[in-house]
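Take a look at the letters that make up each chain.
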Amino acid sequence: MMKEVQLREAKASLSALIDRAVAGEPALITRHGRKEAVVLSFADYERLSRVPGFGELLAAFPAEAGDIPERDRRPMRDIDL
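Residues numbered from 1 in each chain as written. Predicted model: local features only at pLDDT ≥ 70, side-chain atom pairs only at ≥ 80, totals over all residues. Heavy atoms only, no water.

Section: the overall build of the protein
Across its full length, the protein carries four helices and three strands. For the protein, the succession of helices and strands along the chain, N to C, is β-α-α-β-β-α-α. Taken over C-alpha atoms, the radius of gyration comes to 24 Å for the protein, far larger than the 12 Å a tight globule of 81 residues would show. Taken along its principal axes, the extent of the C-alpha atoms in the protein is 70 × 40 × 20 Å. Buried residues in the protein amount to 12% of all 81 residues. Across the protein, the fraction of contacts at a sequence separation of at least 24, relative to all contacts at a separation of at least 6, is 28%. Accessible surface, the protein as shown: approximately 7,700 Å² in total, 56% of it carbon and sulfur. Charged side chains in the protein number 13 positive and 14 negative. The centres of these two groups are separated by 9 Å. (Helix = DSSP H or I, 4+ residues; strand = E, 2+ residues; numbered from the N terminus. Rg over C-alpha atoms; globule rule 2.2 N^0.38 Å. Buried < 20%, exposed > 50% of the residue type's maximum accessible area, 1.4 Å probe, protein only. Contact = heavy atoms within 4.5 Å. Areas by Shrake-Rupley, 256 points an atom, 1.4 Å probe, with all protein chains shown as cover. Lys, Arg positive; Asp, Glu negative; His and termini not counted. Charge placed at Lys NZ, Arg CZ, Asp CG, Glu CD.)

Right, here's the structure in full:
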């Protein structure tokens, strides 16, 4: 679980918070009891901010022949709207 730190304390000990974040211990900063920000290492930030695109996910899918069923090419049924 992430350590919660009040903003006032975070200002006073920012260097120590950064050292902990780099060591793998992110901190949650609160203001008046509300969660406002997170201090985490740059490596964690890069890992979390790099979300693969849909095309990349499809290209990485380890499918083999027969994993995906053939498309049904029959005409669609009529419906009343």
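Structure's up, so let's keep going.
Some thoughts on the nonpolar core
Formed by V5, A10, L17, A21, A27, I29 and V39, the largest nonpolar core amounts to seven residues. When residues of this core are traced back to their parent elements, those giving at least two are helix 2 (14-22) and strand 2 (27-31). Sequence-distant contacts of V39, defined by excluding residues within four places in its chain, comprise L17, I18, A21, P26, A27 and I29. (Core = buried A, V, L, I, M, F, W, Y, C linked by side-chain atoms within 4.5 Å.)

A closer look at the packing of aromatic side chains
A full pass over the atoms with the stated rule returns one aromatic pair. Between the aromatic rings of F42 and Y45, the centroid separation amounts to 5.9 Å while the plane-to-plane angle is 35°, which identifies the pairing as tilted. Note that F42 and Y45 are positioned in helix 3 (residues 42-49) at a spacing of three residues, about one turn of the helix. The class for F42 is exposed, based on a relative accessible area of 55%. (Phe/Tyr/Trp six-rings, centres within 6.5 Å; stacked < 30°, edge-to-face > 60°.)

Let's talk about the pairing of strand 3 (residues 34-39)
Pairing geometry for strand 2 and strand 3, over five bridges, is antiparallel. Across the sheet, residue R31 finds its bridge partner in strand 3, namely R34. Between the antiparallel neighbours strand 2 and strand 3 lie two residues, among them H32 with a positive phi of about 55°. (Pairing = 2+ DSSP bridges.)

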